Amino acid sequence: MEKLQSLEEFYQSKFERIPENIRHGVGHFNVFTIDEYIGKHTKPVVYSRKDYYKITLIIGKNRIHYADKVVEIKKQALFFTNPQIPYKFEWIDDYKSGFFCVFTASFFHHFGNLNDYEVFKANALPVFELTDGQLEDIKQVYGKMQDALDSDYVHKYDLLRNLVFDLLHYTHGMQTASKVAKKQANASQRITHMFLELLARQFPIEDARQRIGFRSPSEFAAQLAVHVNHLNRAVKETTEKTTSTIIADRLLQEAKILLRHTEWNVSEIAYSLGFKEATHFSNFFKKKMQMTPLRFREMDIVG
């Protein structure tokens, strides 16, 4: 798998320059037009994780490779990415336009936890197709970002943080009413949140010697100091899925990423995902995908 791309590497590869103020301990923020990004110095985009956050307004037909999924953008969309999940863009139209902003987690120090937002969670699919009206709203936000960056306003970075939150809350408002409804935090939600955080921290897997520590509901329950039945009830109540289903879905997602984007053999992947035997992993994968891991890899290469 491609190594984590740093912010410095991003600037060097796309613009052949590195801003002087980068990594000075106060966080970093910048905004670009897609036209600037795909200029004459652009190199082919590789599927990889980045060590920064990015929010992209895509205008034009595009194919987004995100984690183990491929999403087709027919006209325009807003796309959120975080340092945990690998991705790449693939333009499938001559018309390419839009904006994107990049920023580090430290830019929001004391201003909130970005990972608390649904669009930045590992199990989310943070791609939102936009109507023409929504497109104009989002373009205005990026225009304000550009104006703020170019200004001498003493509090412009606070303004930029607020504009990022405008995008987060705007997208949150686009979700279904059942997802958006505000609820009082309760014990089930807190336990579920801790379970999902513990699950997410085990990924991504970047080295064949790396091995996840917990993959059964009872192992997670022990780490959270709750009875496994209590964990299962809380997760079911909060997500409408079983604990085992959520764990299996995340294991399958990582398995597809490793099969698609590494040259590791099946035994190495099985080990990394916590399976005692490669045959156990193969049976798990075949049950979920109706094909063997090797067949999946072969089909992906052909495709």
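The following paragraphs examine the structure supplied in this document. None of these values were measured; they are calculated from a predicted model.

1. Section: the packing of aromatic side chains
Using the criterion set out here, one finds 23 aromatic pairs in the structure. Between Y53 and F103, the aromatic rings sit 5.8 Å apart at their centres with planes inclined by 0°, giving stacked as the arrangement. With Y53 in strand β2 (residues 53-59) and F103 in strand β7 (residues 97-103), the pair connects residues that are 50 residues apart, well separated along the chain. The exposure class assigned to F103 is buried, which follows from its relative accessible area of 0%. Among the aromatic residues, those joined into a ring-pair cluster are F29, Y53, F80, F103, F107, F108, Y117, F120, F128, Y157 and F165. Here the guanidinium or amino end of R161 rests over the ring plane of F107, the centre of that ring lying 4.3 Å away. The ring of F203 has R250 sitting right over it, with the charged end atom 4.2 Å from the ring centre.

2. Concerning helix α8 (residues 228-239)
A rise of 1.5 Å per residue sets the reference length of α8, with its twelve residues, at 16 Å; its end C-alpha atoms lie 16 Å apart and thus fit the reference within 8%. Along α8, the residues classified as buried are L231, A234 and V235. The buried residues of α8 all sit within an arc of 95° when viewed along its axis, so they share a single face. Those residues of α8 that are exposed and aimed more than 90 degrees away from the buried face are R233 and E237. Buried residues belonging to α8 abut α6 (187-200), α7 (217-224) and α9 (243-261).

3. Looking at the side chain of T192
Among the secondary structure elements, T192 is positioned in helix α6. Apart from residues lying up to four places away in sequence, T192 is in contact with A234, V235, T238 and T239.

4. Description of the sheet that holds β7
Within a sheet, adjacent strands bond to each other through the backbone by hydrogen bonds, running parallel or antiparallel. One open sheet holds the five strands; their spatial order is β1-β7-β2-β5-β8, and the pairing between them is antiparallel. What marks the edges here is a single partner per strand, and that holds for β1 (29-33) and β8 (127-129). Adjacent strand axes in the sheet meet at a mean angle of 10°, parallel and antiparallel pairs treated alike.

Procedures and definitions
Residues numbered from 1 in each chain as written. Predicted model: local features only at pLDDT ≥ 70, side-chain atom pairs only at ≥ 80, totals over all residues. Heavy atoms only, no water. Phe/Tyr/Trp six-rings, centres within 6.5 Å; stacked < 30°, edge-to-face > 60°. Helix = DSSP H or I, 4+ residues; strand = E, 2+ residues; numbered from the N terminus. Buried < 20%, exposed > 50% of the residue type's maximum accessible area, 1.4 Å probe, protein only. Lys NZ or Arg CZ within 6 Å of the ring centre and 35° of its normal. Expected span 1.5 Å × (residues − 1). Arc of directions from axis to C-beta. Contact = heavy atoms within 4.5 Å. Pairing = 2+ DSSP bridges. Axes fitted to C-alpha atoms, helices over the stretch in contact; angles between N-to-C directions.

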